[in-house]
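Overview (structure and organization)
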Amino acid sequence: MSDLFRFRSMGCEVLVAGADDPQRRAIRRLFEERDARFSRFIPTSELCHVNRSAGRRVLVSPAFAEALYAALDACRQTDGVLDPTLGWALVSAGYDCDFEALAPSELPPGPAHPGRAGEVRTYGRLISAPPGVLLDLNGVVKAMAVDDGAELLSSGGWVSAGGDLAIASPTDIALPGGGAVRLERGALATSGSSRRRWVRDGIVQHHLIDARTGRPSTSPWEQVTVCGSTCLHADTGARAAFLLGRDGPDWLDDHGVPGRFIDRDGVVVMTRLWAEMTEGWPACT
Amino acid sequence: MNESRIESARSRAAIVKRVAAVAAGAAFVATLLAARSNVPSHAHGKPRPLAVPSGFQRALSGSGISGGQVAPAQSPPSGSTGVS
């Protein structure tokens, strides 16, 4: 762990292992560029420009289009469970500034804002979001940055940011909530309501919004860890499985994706694939 | 005398025909250019496709999420994931 390189970006700590100095600089620059382009809290970011242009067609950069298409693809793959149009729902819940600056508030949460991804129109790099929609691409952007950062590692190592981790060579990884696994291929992502949470009018809020209600999810899970072929896939799986509640494990099994769930009482539930890979036999169901 | 007047008339007619042909061609070209520069449905220049981001393939190629591979830990962990 001594060769770890740490820096802060996208509201979380980024850890890089196995990188030489040029690679460290390149990975840091990659994260800073993505943050400057996709932050909801930097007025000059391209995301803020696009959000200010809601209701009109706007030509976006290739990088922005790539992230938006990835988010819309995740929305399609999860039948709308993940939705990139929940920016106002986050603001209503009180997440209206950098997470480090969030303070408990006695103000009640604002109105609910269910997802409206179906109303976003794309024509190549021309996009159009309906008036009143605030895009939030944080989930896919962070996962893609971790994937792209790991690709810069030429001789092993890994990149981690928040709950996302991608490897350049097989690595033993400690899991949140205890335990460890060897990540042979792909990436791990953990989503949960235990970290990014805050209080609004005495009610605990968190950043995982249920697109159907436009409110923070009432999922029974404390956290969900998923192993995907890429960090983007792992993050998509982890967030969707969390939001699907008790249906999450079956949904991951149906997609052939290994995952581990921990509920609010600390009970661990593994998908069939996770149990087979880490323990050698199918999980009891 | 008559022959001279006929020749003269033919000459004037030929000039008028040439002028009319040139004027028609010029009017056609002018109309074409005006249409190209003023009508939104006409291309103003050589058509150029919107650049397709190189990473589109990554986002669009997968018809669904796909899993990676984990195994029992073999040594003390050298990395860890947080929660987001």
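Provided above is the structure to which this section pertains.
Because the structure is predicted, anything quoted here is derived from the model rather than measured.

1. Focus: the overall build of chain A
Helix and strand counts for chain A come out as eight helices and 17 strands. On C-alpha atoms alone, chain A measures out to a radius of gyration of 18 Å, which is about the 19 Å that the 2.2 N^0.38 rule sets for 285 residues. Based on the C-alpha atoms only, the size of chain A along its principal axes is roughly 50 × 45 × 40 Å. Taking all 285 residues of chain A together, the buried fraction comes to 52%. Put simply, 57% of the contacts in chain A that link residues at least 6 apart link residues at least 24 apart.

2. What to know about the interface of chain B and chain A
Residue-level contacts link 28 residues of chain B with 56 residues of chain A. Going through the elements one at a time, α2 (56-61), β1 (69-72) and β2 (79-80) of chain B are the ones with two or more residues in the side of chain B that touches chain A. At four residues, the largest contribution of residues to the side of chain B that touches chain A is made by β1 of chain B. By residue class, the composition of the side of chain B that touches chain A is 14 nonpolar, 14 polar and no charged. Direction of pairing for strand β8 (residues 171-174) of chain A relative to β2 of chain B: parallel, over a ladder of two bridges. Opposite I173 of chain A, over in β2 of chain B, you have G79 of chain B as the bridge partner.

3. Some points on the sheet that holds β2 of chain B
Pairing within the open sheet is mixed, and its four strands lie in the order β1(B)-β9(A)-β8(A)-β2(B). With partners counted over all chains shown, the strands left at the sheet margins are β1 and β2 of chain B, one partner each. Where β8 of chain A meets strand β9 (residues 180-185) of chain A, four bridges bridge the pair, whose relative direction is antiparallel. Directly across from D172 of chain A, in β9 of chain A, lies its bridge partner R182 of chain A. Packing of helix α8 (residues 272-279) of chain A onto the sheet brings it into contact with β9 of chain A together with β1 of chain B, and relative to β1 of chain B it is tilted by some 45 degrees.

Criteria and thresholds
- The numbers attached to residues start from 1 for each chain and follow its sequence in the written order.
- By the order in which they are written, chains take letters starting at A while ligands take numbers starting at 1.
- Whole-chain, interface and lining totals are the exception, using all residues; otherwise, since this is a predicted model, local features are given only for residues with pLDDT of at least 70 and side-chain atom pairs are given and counted only at 80 or more.
- Per the convention used, a helix needs a DSSP run of H or I reaching at least four residues, while a strand needs a run of E reaching at least two, with both numbered from the N terminus.
- Every radius of gyration here is taken over C-alpha atoms, with the globule rule written as 2.2 Å times N^0.38, N being the number of residues.
- The burial criterion counts other C-beta atoms lying within 10 Å of a residue's C-beta, which is placed from the backbone; the residue is buried at 20 or more, exposed at 12 or fewer, and partly exposed between these limits.
- Our contact criterion uses C-beta atoms placed from the backbone: two residues qualify when those atoms are within 7 Å.
- Any residue that is not Ala, Val, Leu, Ile, Met, Phe, Trp, Tyr, Cys, Pro, Asp, Glu, Lys or Arg is counted as polar, Gly included; the first ten are nonpolar and the last four charged.
- Here, a strand pair is defined by DSSP locating no fewer than two bridges between the strands.
- What counts as an axis is a line fitted to C-alpha atoms, over the stretch in contact for a helix, and the angles between N-to-C directions run from 0 to 180 degrees.

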